[in-house]
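The lines below spell out each chain.
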Amino acid sequence: MRNRECVNCGSTEFHQVENGWKCDYCGTLYLDSETITPQKKQPLYQPHQHKKRRINGLVAVVIILVGLSLSYFVFKSDTSDSGDAVSYEPLDPEVTDSSTPKNFPGKWTQSIYESVKVATEHYHDDTEKYTFEGGSSYEELEKLVGKPDTVISWEKEDYGMPPRTQATWDKTSDGGYTENSISVTYEKNTMMIVDKDSY
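Keep in mind that what you see is a predicted model, and the values were worked out from it rather than measured.

Enquirer: In this structure, what is going on with the pattern of salt bridges? I would like to understand it.
Expert: Pairs may arise between side chains of opposite charge once their charged atoms sit close together. Evaluation of the coordinates by the stated rule reveals four salt bridges. Notably, a salt bridge pairs Lys-143 with Glu-140, separated by 3.6 Å at the nearest N-O pair. Separated by three residues within a single helix, Lys-143 and Glu-140 lie in helix α3 (residues 138–145), roughly one turn from each other. You can call Lys-143 exposed: its relative accessible area is 64%. Residue Glu-140 is classed as partly exposed on the basis of its relative accessible area of 46%. Residue Glu-155 pairs with Lys-188 through a salt bridge whose shortest N-O separation is 2.7 Å. With Glu-155 in the loop between β6 (150–154) and β7 (164–171) and Lys-188 in the loop between β8 (177–187) and β9 (193–198), the pair connects residues that are 33 residues apart, well separated along the chain. You can call Glu-155 exposed: its relative accessible area is 55%. Exposure remark for Lys-188: the relative accessible area of 27% places this residue in the partly exposed category.

Enquirer: Explain the nonpolar core here, please?
Expert: Soluble globular proteins tend to pack their nonpolar side chains together in the buried interior. Counting residues in hydrophobic clusters, the biggest one holds 15 residues, and the most contacted among them are Trp-108, Tyr-138, Leu-141, Trp-169, Val-184 and Ile-193. When contributions to this core are tallied by element, the ones reaching two or more residues are α2 (110–115), α3, β7 and β8.

Enquirer: I would appreciate a short explanation of the packing of aromatic side chains in the present structure.
Expert: Where two aromatic rings form a pair, the distance of their centres and the angle of their planes describe that pair. Under the counting rule described, the total for this entry stands at six aromatic pairs. Between Tyr-138 and Tyr-186, the ring centres sit 3.9 Å apart and the planes meet at 15 degrees, which makes this aromatic pair stacked. In this pair, Tyr-138 is assigned in helix α3 and Tyr-186 in strand β8, connecting sequence segments 48 residues apart. Members of the aromatic cluster, each reached through a chain of ring pairs, are Trp-108, Tyr-113, Tyr-138, Trp-169 and Tyr-186. In this structure, Arg-164 is placed above the aromatic ring of Trp-154, and the distance from its NZ or CZ to the ring centre is 4.9 Å. For the cation-ring pair, Lys-196 lies above Tyr-113, with the distance from its terminal atom to the ring centre recorded as 4.5 Å.

What counts, and where the lines are drawn
- Residues numbered from 1 in each chain as written.
- Predicted model: local features only at pLDDT ≥ 70, side-chain atom pairs only at ≥ 80, totals over all residues.
- Heavy atoms only, no water.
- Salt bridge = Lys/Arg side-chain N within 4 Å of Asp/Glu carboxyl O.
- Helix = DSSP H or I, 4+ residues; strand = E, 2+ residues; numbered from the N terminus.
- Buried < 20%, exposed > 50% of the residue type's maximum accessible area, 1.4 Å probe, protein only.
- Core = buried A, V, L, I, M, F, W, Y, C linked by side-chain atoms within 4.5 Å.
- Phe/Tyr/Trp six-rings, centres within 6.5 Å; stacked < 30°, edge-to-face > 60°.
- Lys NZ or Arg CZ within 6 Å of the ring centre and 35° of its normal.

Keep in mind these values describe shape, not function.
Here it is in structure tokens:
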């Protein structure tokens, strides 16, 4: 050990002691590796692993916070563009809707079209079928406006929907085609109207 240099003070002066050497200047003890009895190796504390975990945790928290704030601002901008949120209200039957055609086919009028009530649809999980209630009667409608110009029929049950028929009126009283058509779909068994459309 006399050819070595002390790591603490830089001195090269050492004297031998039991189990090793001692620096003459600062007193640092250097043990011989042969005299040290081997002990069980224990895992060393590694602070850099905890730092990595902390950094990874902080990065995850920052990413989550940024994602939440971005989704908040996107949602807020979607609702703020339209002004205050307007709740749905049914149309007043006395007010005419400009999107409904003015030139109705056959004996149809605005008031007849608006008076047709579409049935409420109910799905039953246990039978996996749909039922309808509260719709206008197709038979009564046909008495008012006459027979339809075209008829499309679904004879079999389809995806839980009962057999239905779609009746379309697209001709004037004198047999010419109109710019607009009206379609009414009704359930074949009950003759209840389940849908209506004007285009």
